[in-house]
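Listed here are the chains, written in short residue letters.
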Amino acid sequence: MKRVSVLLLGTFVAAIAPASGQGRVSVDAPRPIEAGESLWTEELTWMEVRDAIRAGKTTIIIGTGGVEQNGPYVAGGKHNFVLQTVLPYIARAIPNSLIAPIVRFVPEGGIEPNKTGHMQYPGTISLESSTFEALLTDICRSYKAHGFKDIVLLGDSGGNQRGMENVAAALNRKWEAESARVHYLREYYFEDQWSWDFLKSQGIVQIDKTPHEVQAADRSTDTRNNMHDDIYYEAQAAVQNPAFVRAEQRMKAGLFTLHGVDEAPVSKLVEIGKKLAEYRAAITAKAFKNSLQKLRG
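All residue numbers refer to position in the chain's written sequence, counted from 1. Note on the predicted model: pLDDT of at least 70 is required for a residue's local features to be given, and 80 or more for side-chain atom pairs to be given and counted; whole-chain, interface and lining totals, by contrast, use all residues. Only hydrogens and water are set aside when side-chain values are computed; all heavy atoms of the structure are taken into account.

Moving on, we come to the environment of Val82. The residue Val82 is located in helix α3 (residues 78-93) in this model. A residue is classified by how much of its surface remains accessible, and Val82, at 0% relative accessible area, is buried. The contact rule is simple, with two residues in contact once any of their heavy atoms fall within 4.5 Å. Every residue in contact with Val82, bar those within four places of it in the chain, is listed here: Asp156, Tyr188, Tyr233, Gln236 and Ala237. Here a helix means four or more residues in a row that DSSP labels H or I, a strand means two or more in a row labelled E, and each is numbered from the N terminus. To sort residues, take the accessible area from a 1.4 Å probe on protein chains only and compare it with the maximum for the residue type: under 20% means buried, over 50% means exposed, and anything in between is partly exposed.

Among the 6 residues of strand β3 (residues 150-155), 6 are classified as buried, and the element is accordingly described as predominantly covered. Side chains of β3 alternate between two faces, with Asp150, Val152 and Leu154 and Ile151, Leu153 and Gly155 buried alike. At least two bridges found by DSSP between two strands is the condition for calling them paired. Strand direction decides the pairing type here: strand β1 (residues 59-64) and β3, joined by 6 bridges, are parallel. Residue pairing for β3: Gly63 is matched across the bridge by Leu154. Pairing of β3 with strand β4 (residues 181-184) involves 4 bridges; the strand directions are parallel. Within β4, the residue paired with Val152 across the bridge is His183. Assignment of crossover handedness uses the view with strands pointing away from the viewer, where a clockwise path from the first strand over the helix to the second indicates a right-handed crossover. After leaving β3, the chain enters helix α5 (residues 161-174) and then returns to the sheet as β4, a path that is right-handed.

On the basis of which strands lie adjacent, the open sheet formed by 4 strands has the order β2-β1-β3-β4 and parallel pairing. Each of the sheet's edge strands pairs with one partner strand only, and the pair in question is β2 (97-99) and β4. Adjacent strand axes in the sheet meet at a mean angle of 25° when their direction is disregarded. The angle between two axes is taken between their N-to-C directions and runs from 0 to 180 degrees, where each axis is a line fitted to C-alpha atoms and a helix contributes only its stretch in contact. Set on the sheet, α3 makes contact with β1, β2 and β3; between it and β1 the angle comes to about 160°. Its contacts with the sheet place helix α10 (residues 266-296) against β1, β3 and β4, and it is angled at close to 140° to β4.

Right, dumping it as C-alpha cells:
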C-alpha cells in the first residue's frame, strides 16, 4: 500500500514539475486526492472543475443578485441570499450543471450627481449598465474558455434583466460558429413573478393596506404597505439565516408579521423558503430546456 502511494506521489510531482522553466503546474496534472463535493465552482479546486468538465458537466449557472434597500427588516444582500438558497435547487434540476459565484453587484439606480432608485438609501451599491454588461461578458467568456458549453444567465432583481438579455444576445451572435451558447432565462424572474400564485396556493395572501385608486389590495407586487419587502424574499433569505430578516428582533417587538401574514415560527418560514426554491427551480429547468431547443434545436 505504501509503495502504491509513493508511486502516485511520484507521478504527481513529475506532473507539476516546472515546464519550460516557468514554474507552472501542468493543466493535465493528476488530482492527488479524492474530489470534494460542491455545486459551486468557487468551492472547488481548479482540478475538480477541470475533471467535472471532462466528465460532462458543461453547463454553468450565473445568478445575478444585488445589494439594495429592502425595508426595515431585511438585510441589503437579500437578492444574493435568495440566490444562495435557490441556485443549488436549480443546479440539481438541470443535468450536468455547476454554479458560478453570484454576481453580487448590479444596476440599482443613478449614483451621481443625483441618487435615484435604490441608491437613495444608504448601503445600496449600484453599477452603471455598461459596467454590469462588461462584467457579465467577461465572466461568460471566462467560462467558455474553460470548456463550458451552455452558460445560463438568470437574475433575482428587475434591474438585472435587460443587461443579461443584451449580453446573451451579443455573445450568441459573436459565437454563432462556435459551440458555446448563452441562455438568458427570463422565466426565473418573470414567470409567476414573486411566486404570487404559488404562495396563494399555500394559503399565503399578502394585503397592501395603503390606499390605491386602481390597484387591488391583494396583488402581485414586491412593494406593499410602503415597504420593499415580500414573503417570497423573506422566506428564501431565512433559509440561509433567519437573522437576515431580523426574526429574533421582530419577535421581541411583536412585529414578526408581514402584510397581514404571521411568519412565526421561524421553522415555518424556512420551510416555505425551501418550497419556493423547489418551485422556482422547476420553472427554471423547464425554461432552460426550451432555450436549448431554441438555440441548438
